[in-house]
Amino acid sequence: EFRRVLFRSYRSDSFEITLPPDQDNELEYKVRMKTGATLVYAFTVTGDEQHPEWFYYDFHGEQRPAPADGKPIVMEYRQTTGISGNGALVAPFDGVHGWYLQNQSDKPLTVHLKLSGFYDLVPPGEYGNEGKVEPVAAAK
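What you are looking at is a predicted structure, and each value in this text was computed from that prediction instead of being measured.

### Looking at the overall build of the protein chain
Here comes step 1: What the protein chain contains, in helices and strands, is zero helices and ten strands.
Here comes step 2: Against the compact-globule benchmark of 14 Å for 140 residues, the protein chain has a radius of gyration of 15 Å, which places it among compact chains.
Here comes step 3: Along the three orthogonal principal directions, the C-alpha set of the protein chain runs to about 55 × 35 × 25 Å.
Here comes step 4: Within the span of the protein chain, comprising 140 residues, buried residues form 36% of the whole.
Here comes step 5: A sequence separation of at least 24 residues applies to 81% of the contacts in the protein chain between residues at least 6 apart.

Laid out in C-alpha cells, this is it:
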C-alpha cells in the first residue's frame, strides 16, 4: 500500500553554537520533525582541535507526552566524542530531534552545524531550543 506523507518544505540552515569552558558548557539544540521526514547533518568543532575527546555529543529524539505529566519517548541515535560528525536521520516519530552538546575543554568551543532536509526550526526559548540558538545562514 502506497502512503503519501506530507512534509514541510525542503530547507537548509547553518548554525554557529559557542560553548564556554565554564559551568555553562552544555546546550541542547533540536528541530521539529514529522515521522518519516529526513534530516542530513554535518558539523565540525573549533577551539581545541588538540583534544577531540573533550567535545561530547548525544544525538537523540524526544516526543513529549500527552498529557504533559506523562513519560516522554526518548530514542538515542549516537553518543560519542569528537570534533566532527555527519549523518542522516529518518524520524521514527513526530517530535524534536537533535543534539545535547557538551564542552569538557578548558577553552571555548564553537560547533559549526549544517542541516538540510524536511524539518522546522524550534523558536528560540521553546522546548528543544531553550538555548535560543538561531541560524547564521538559511537557504530557501
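### Points about empty space enclosed by the protein
Here comes step 1: Following the criterion strictly, the structure yields one cavity of 30 Å³ or more and no others.
Here comes step 2: A volume near 40 Å³ is recorded for the largest cavity.
Here comes step 3: Lining the largest cavity, in full, are I17, F43, W99, L101, V111 and L113.
Here comes step 4: Secondary structure elements with two or more residues in the lining of the largest cavity: β7 (95-103) and β8 (109-117).
Here comes step 5: Partitioning the lining of the largest cavity into residue classes produces six nonpolar, no polar and no charged.

### Side note on the side chain of S105
Here comes step 1: Along the chain, S105 turns up in the loop between β7 and β8.
Here comes step 2: In terms of polar contacts, S105 uses its side chain to reach the backbone amide nitrogen of K107, at 3.0 Å.

### With respect to the pattern of salt bridges
Here comes step 1: Tallied over the entire structure, the rule returns four salt bridges.
Here comes step 2: The partner of E28 in a salt bridge is K30, and the shortest N-O contact between them spans 2.1 Å.
Here comes step 3: On the basis of relative accessible area, E28 is assigned to the partly exposed category, the value being 29%.
Here comes step 4: Two residues, E62 and K30, come together in a salt bridge whose shortest N-O distance is 3.1 Å. Pair noted here: E62 is in strand β4 (residues 55-63) and K30 is in strand β2 (residues 26-33), with a separation of 32 residues, a long-range link. K30 shares its class with E62; the two are buried.
Here comes step 5: Among the ionic contacts, a cluster of salt bridges with common partners joins E28, K30 and E62.

The rules behind each value
Residues numbered from 1 in each chain as written. Predicted model: local features only at pLDDT ≥ 70, side-chain atom pairs only at ≥ 80, totals over all residues. Heavy atoms only, no water. Helix = DSSP H or I, 4+ residues; strand = E, 2+ residues; numbered from the N terminus. Rg over C-alpha atoms; globule rule 2.2 N^0.38 Å. Buried < 20%, exposed > 50% of the residue type's maximum accessible area, 1.4 Å probe, protein only. Contact = heavy atoms within 4.5 Å. 1 Å grid on protein atoms, 1.4 Å probe; cavity = no way out; pocket = protein on both sides within 12 Å on 5 of 7 lines; lining within 4 Å. Points joined across faces, edges and corners; volume = space filled by probe spheres on them. Nonpolar A, V, L, I, M, F, W, Y, C, P; charged D, E, K, R; others polar. Polar contact = N/O pair within 3.5 Å; in protein donor to acceptor, adjacent residues only side chain to side chain. Salt bridge = Lys/Arg side-chain N within 4 Å of Asp/Glu carboxyl O.

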